Amino acid sequence: TREAAAKFLSVVAMELGLDSESDQECDFSDLNSADNTLVDSIMDACGMGIFKAQDMFNPKSVLTRAQAELTVARIVYGMDAVNDYADENDVTEFVAANEMLMDAGIITVNVNGQSAVKRGHLALMLLRMSGMDLPDPTPCTVGVDCPVLPGTGDTGQVVEVKAGNLELSMVSAPANGSSIPSAGV
């Protein structure tokens, strides 16, 4: 959801030491429908310029691929730079973000912008954005050390990505493909 993404993105931005602020007035009229534990994160993400201040935030809505790319571009370049690129090239902010991230190698393929972003793809964009090398997967046994994935074999690998108190573990099972995206983002 957009509210969960706000927490993840704001924590990652702070953990990476990105000191971005916006001068926008963050006053969403629909935060009463948000999870109370995530309201501060929504306001932090808006205050950092990751999300644009508008009348409504739509906290329970799915974060689309285009929205995810836009938020990552705002973390990398800042809200003003993304807006300037859009204005100079006569494109939307979504197209500007996509082009900027593609040029930087943070994304490598174009995907339907209206599709829901996957957690693993968002994590990969953030890893590429941070300049960090992708962590090496560590062997584990599915069902013992790793969660059981439907239709997979009995061995897999796990990668853990941490940002503050947030942790994302991705498991791959070689017999059936991988849940750790290494391409296509």
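Residues numbered from 1 in each chain as written. Predicted model: local features only at pLDDT ≥ 70, side-chain atom pairs only at ≥ 80, totals over all residues. Heavy atoms only, no water.

*Asks:* Sorry, what's going on with the side chain of Glu69 here?
*Replies:* Along the polypeptide, Glu69 turns up in helix 3 (residues 65-77). Residue Glu69 is classed as buried on the basis of its relative accessible area of 3%. Look past the residues within four positions of Glu69 in its chain and what remains in contact with it is Ala97, Asn98, Leu101, Ile107 and Met125. (Helix = DSSP H or I, 4+ residues; strand = E, 2+ residues; numbered from the N terminus. Buried < 20%, exposed > 50% of the residue type's maximum accessible area, 1.4 Å probe, protein only. Contact = heavy atoms within 4.5 Å.)

*Asks:* Help me out: how do you make sense of the packing of helix 3 against helix 4 (residues 79-89) in this one?
*Replies:* Think of two packed helices as two axes; the pair is described by the angle between the axes and how far apart they sit. Closest axis-to-axis distance for the helix 3/helix 4 pair is 6 Å, and the angle between their directions is 115 degrees. As judged from the angle between their axes, helix 3 and helix 4 are roughly perpendicular. Mapping the contact onto sequence places Leu70, Ala73, Arg74 and Tyr77 in helix 3 and Met79, Ala81 and Val82 in helix 4. In the contact of helix 3 with helix 4, the residues fall into six nonpolar, no polar and one charged. (Axes fitted to C-alpha atoms, helices over the stretch in contact; angles between N-to-C directions. Parallel < 35°, antiparallel > 145°, perpendicular 65-115°, else oblique. Nonpolar A, V, L, I, M, F, W, Y, C, P; charged D, E, K, R; others polar.)

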